[in-house]
Amino acid sequence: MYKTIIFDVDGTLIDTEEAVLGSLQKMLKIDYGKEIDTDALSFVLGIPGSRSLPQLGIENVDKGNERWNYFMKDYVSSMKVFNGIPDLLVTIKQMNIVQGIVTSKTNVELMDDFVPFNLMDYLPYIVCADDTFNHKPHPEPLLKFLEISGADPETSIYIGDTIYDYECARDAGIDFGLALWGCKNHESINAKYKFTSPQEIKKYVQLL
């Protein structure tokens, strides 16, 4: 039985794809004169700006991230919690199963984008992008989570929506569940579990 459930944030707990890609596209056009279709920017989903912005030719990553976050504010209304997530978090807490977050967001981004949804009380253990030297798909973020929570990797599962999440879990020795409601290319991700809805996770945990 899993005693610890670790969640990614973007594309897993909350739907931020329109906000992330739209704000990046706007920032690139206004600040750098680059017009790039959002489909060509989708590779940034699941990795921190420190990794994605250099691939777009942006050398001053700190400034790029600052401006990206600035334009994210224009898309706040498009962000929402995925259906079934609040109920899932409540149920897992009632079962006394440890919950937490491993995300590519920085602590500031988590405060801006996720904290307003009032779900943090269910997620006491958090690892953000600025808490580790290496980032997903490197296993360090999940290994850091195990360190701070005291969780056993053999009884833990990481739930995310990208290939980066899968590779991070695989190399950390943690089972991986793919959140299909936020995933765009599940055929290429060799997840141990593929969940079609948050409710499915709840049923699975209850039956273990």
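Residues numbered from 1 in each chain as written. Predicted model: local features only at pLDDT ≥ 70, side-chain atom pairs only at ≥ 80, totals over all residues. Heavy atoms only, no water.

A word on the state of the cysteines
Part 1 of the argument: Under the counting rule described, the total for this entry stands at zero disulfides.
Part 2 of the argument: In this model Cys168 remains outside any disulfide bridge; the closest cysteine sulfur is found in Cys128, 13 Å from its own.
Part 3 of the argument: No disulfide involves Cys183; its sulfur sits 16 Å from the nearest other cysteine sulfur, which is in Cys168. (Disulfide = S-S within 2.5 Å.)

Quick notes on the pairing of strand β1 (residues 4-7)
Look at any regular strand and the pattern is simple: side chains alternate between the two faces of the sheet.
Part 1 of the argument: Covered by surrounding structure in β1 are Thr4 and Ile6 together with Ile5 and Phe7, the residues of both alternating faces.
Part 2 of the argument: Two strands pair when backbone bridges link them, and β1 and strand β4 (residues 98-102) are joined in this way by four bridges, in the parallel orientation. Following the sheet pairing, Ile5 is matched in β4 by Gln99.
Part 3 of the argument: With four bridges joining them, β1 and strand β6 (residues 156-160) adopt parallel strand pairing. From the neighbouring strand, Thr4 faces β6, where its bridge partner is Ser156. (Buried < 20%, exposed > 50% of the residue type's maximum accessible area, 1.4 Å probe, protein only. Helix = DSSP H or I, 4+ residues; strand = E, 2+ residues; numbered from the N terminus. Pairing = 2+ DSSP bridges.)

Some words on the nonpolar core
Part 1 of the argument: Counting 27 residues, the largest nonpolar core has Ile5, Phe7, Leu13, Ile85, Phe114 and Ile159 as its most contacted members.
Part 2 of the argument: For this core, the elements supplying multiple residues, two or more each, are β1, α5 (85-94), β6, β8 (193-195) and α9 (198-207).
Part 3 of the argument: Considering each element in turn, this core owes the most residues, four residues, to α5. (Core = buried A, V, L, I, M, F, W, Y, C linked by side-chain atoms within 4.5 Å.)

Some remarks on unusual backbone geometry
Part 1 of the argument: A cis amide bond, omega 15°, links Lys136 with the succeeding residue Pro137.
Part 2 of the argument: Here Asn96, not a glycine, exhibits a phi torsion of approximately 60°, which is positive.
Part 3 of the argument: Structurally, Asn96 can be placed in the loop between α5 and β4.
Part 4 of the argument: Given the relative accessible area of 70%, Asn96 is considered exposed.
Part 5 of the argument: Not every positive phi belongs to a glycine, and Asn118 is a case in point at roughly 60°.

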